[in-house]
Amino acid sequence: MKIGILAVQGAFIEHQKMLEDSGAECVLLRKKSDITNDIDGLVLPGGESTVQGKLLRELDMYEVLKDKIENGLPVLATCAGLILLSEVLSNDPNTYFATLPVITKRNAYGRQLGSFKKIANLNEIGGFEMVFIRAPYIEAVKSTDVKVLAVIDDYIVAVRYKNQLALTFHPELGEDNRIHRYFLDMVNNS
Ligand code: GLN
């Protein structure tokens with residue numbers, strides 16, 4: 001099983017380590033020619049969504065990745081990655097892949113709560129220590145097919161829609177690889 005990890009900016013190495021520890025082969029996607037047809041799954045890491053979005057266009061990677069996501073390639077998106085997938089950003093006129101029918105607010109917790117950890121229940125996985133770094137949250141879902149997996153203080157922090165698993169926090173930090181293993185199961189079953 002081969003997982004492509006978008007590696008133009010942000011926290012991609014940590015995902016690579018967790019996926020390799022969980023038995024997957026990884027390829028870092030730095031340029032268009034890295035996106036080959038034998039990729040079975042895609043990771044969109046955290047970082048800065050505006051920078052990632054700009055680089056995706058400049059490196060001509062945007063169309064080919066959007067096409068793959070729309071055709072069902074399983075995706076694990078964290079934080080900025082979730083922003084790239086969101087159909088609507090409530091406080092930003094830009095959108096990127098826009099394949100996930102949710103309304104997302106960027107930098108949603110403000111400056112004081114720039115970064116924090118919280119243990120919360122994640123459907124299908126259980127209690128999980130979630131690390132938030134200048135995180136977005138999902139304000140609303142736009143389709144009944146979006147499964148809400150975790151909520152903290154009334155705000156949605158994890159969803160699954162078809163083959164897209166999207167989290168506002170960073171499961172690649174720390175030692176707990178249950179989310180990455182769940183994603184690899186998704187890839188196996190797709
Ligand atoms: N604040 C970042 C953004 O808007 C996301 C932060 C992160 O990925 N940790 O893109």
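Keep in mind it's a predicted model, so treat the numbers as computed, not measured. (Residues numbered from 1 in each chain as written. Predicted model: local features only at pLDDT ≥ 70, side-chain atom pairs only at ≥ 80, totals over all residues. Heavy atoms only, no water.)

Caption draft 1: Focus on the site of the ligand. Around the ligand, the neighbouring residues are Gly-46, Gly-47, Glu-48, Ser-49, Cys-79, Ala-80, Ile-83, Arg-106, Asn-107, Ile-133, Arg-134 and His-170. Between an oxygen atom of the ligand and a main-chain N or O atom of Gly-47, the distance comes to 2.9 Å. Taking Ser-49, its main chain carries an N or O atom lying 2.7 Å from an oxygen atom of the ligand. Starting from 300 Å² of accessible surface for the ligand in isolation, the protein chains cover 98%. (Near = heavy atom within 4 Å. Polar contact = N/O pair within 3.5 Å; in protein donor to acceptor, adjacent residues only side chain to side chain. Areas by Shrake-Rupley, 256 points an atom, 1.4 Å probe, with all protein chains shown as cover.)

Caption draft 2: Local environment of unusual backbone geometry. Here the phi dihedral of Asp-60 falls at roughly 60 degrees; this positive angle occurs in a residue that is not glycine. Take Asp-60: it is sitting in the loop between helix H2 (49-58) and helix H3 (62-70). Of note in this structure, Arg-134 is not a glycine but carries a positive phi near 40 degrees. When you line up the elements, Arg-134 lands in the loop between strand E8 (126-133) and strand E9 (137-141). Judged by its relative accessible area of 46%, Arg-134 falls in the partly exposed class. (Helix = DSSP H or I, 4+ residues; strand = E, 2+ residues; numbered from the N terminus. Buried < 20%, exposed > 50% of the residue type's maximum accessible area, 1.4 Å probe, protein only.)

Caption draft 3: Region of the structure containing the packing of aromatic side chains. The final tally for this structure, using the stated rule, is eight aromatic pairs. When the ring of Tyr-109 is compared with that of Phe-116, the centres are 5.0 Å apart and the planes differ by 75 degrees; the resulting orientation is edge-to-face. Neither Tyr-109 nor Phe-116 differs from the other in exposure class; each is buried. Look at Phe-128 and Phe-169: their rings are 6.2 Å apart centre to centre, the planes differ by 45 degrees, and that puts the pair in the tilted class. Pair noted here: Phe-128 is in strand E8 and Phe-169 is in the loop between strand E12 (164-167) and helix H5 (178-189), with a separation of 41 residues, a long-range link. Residue classification places Phe-128 among the buried positions, given a relative accessible area of 2%. (Phe/Tyr/Trp six-rings, centres within 6.5 Å; stacked < 30°, edge-to-face > 60°.)

Caption draft 4: Broad picture of the nonpolar core. In this structure, Met-130 and Phe-169 are the most contacted members of the largest nonpolar core, which totals 36 residues. Apart from residues no more than four positions distant in its own chain, Met-130 is found in contact with Phe-116, Lys-117, Lys-118, Ala-120, Asn-121, Leu-122, Ala-150, Ile-152, Val-157 and Phe-169. In this structure, Leu-6, Ile-69, Leu-89 and Tyr-96 belong to the second largest nonpolar core, which totals 31 residues. (Core = buried A, V, L, I, M, F, W, Y, C linked by side-chain atoms within 4.5 Å. Contact = heavy atoms within 4.5 Å.)

Caption draft 5: Region of the structure containing the side chain of Gln-16. Here Gln-16 lies in helix H1 (residues 12-21). Here Gln-16 falls in the buried class, since its relative accessible area comes to 17%.

Caption draft 6: Highlighting a nonpolar patch on the surface. Side chains of Val-141, Val-148 and Val-151 sit close together on the surface and give an oily, nonpolar patch of about 190 Å² of accessible area. Looking at the element boundaries, Val-141 is found in strand E9. (Patch = residues over 30% accessible without salt bridge, like charges linked within 9 Å, V, L, I, M, F, W, Y side chains within 5 Å. Salt bridge = Lys/Arg side-chain N within 4 Å of Asp/Glu carboxyl O.)

Caption draft 7: Layout of the packing of H1 against H5. At a minimum axis separation of 9 Å, H1 and H5 run at an interaxial angle of 70 degrees. As judged from the angle between their axes, H1 and H5 are roughly perpendicular. As H1 packs across H5, the resulting crossing turns out to be right-handed. Taken together, the residues of H5 that come into contact with H1 (itself represented by His-15, Met-18 and Leu-19) are His-180, Phe-183 and Leu-184. Class assignment of the residues belonging to the contact of H1 with H5 gives a composition of four nonpolar, two polar and no charged. (Axes fitted to C-alpha atoms, helices over the stretch in contact; angles between N-to-C directions. Parallel < 35°, antiparallel > 145°, perpendicular 65-115°, else oblique. Left-handed = near helix turned anticlockwise from the far one by under 90°. Nonpolar A, V, L, I, M, F, W, Y, C, P; charged D, E, K, R; others polar.)

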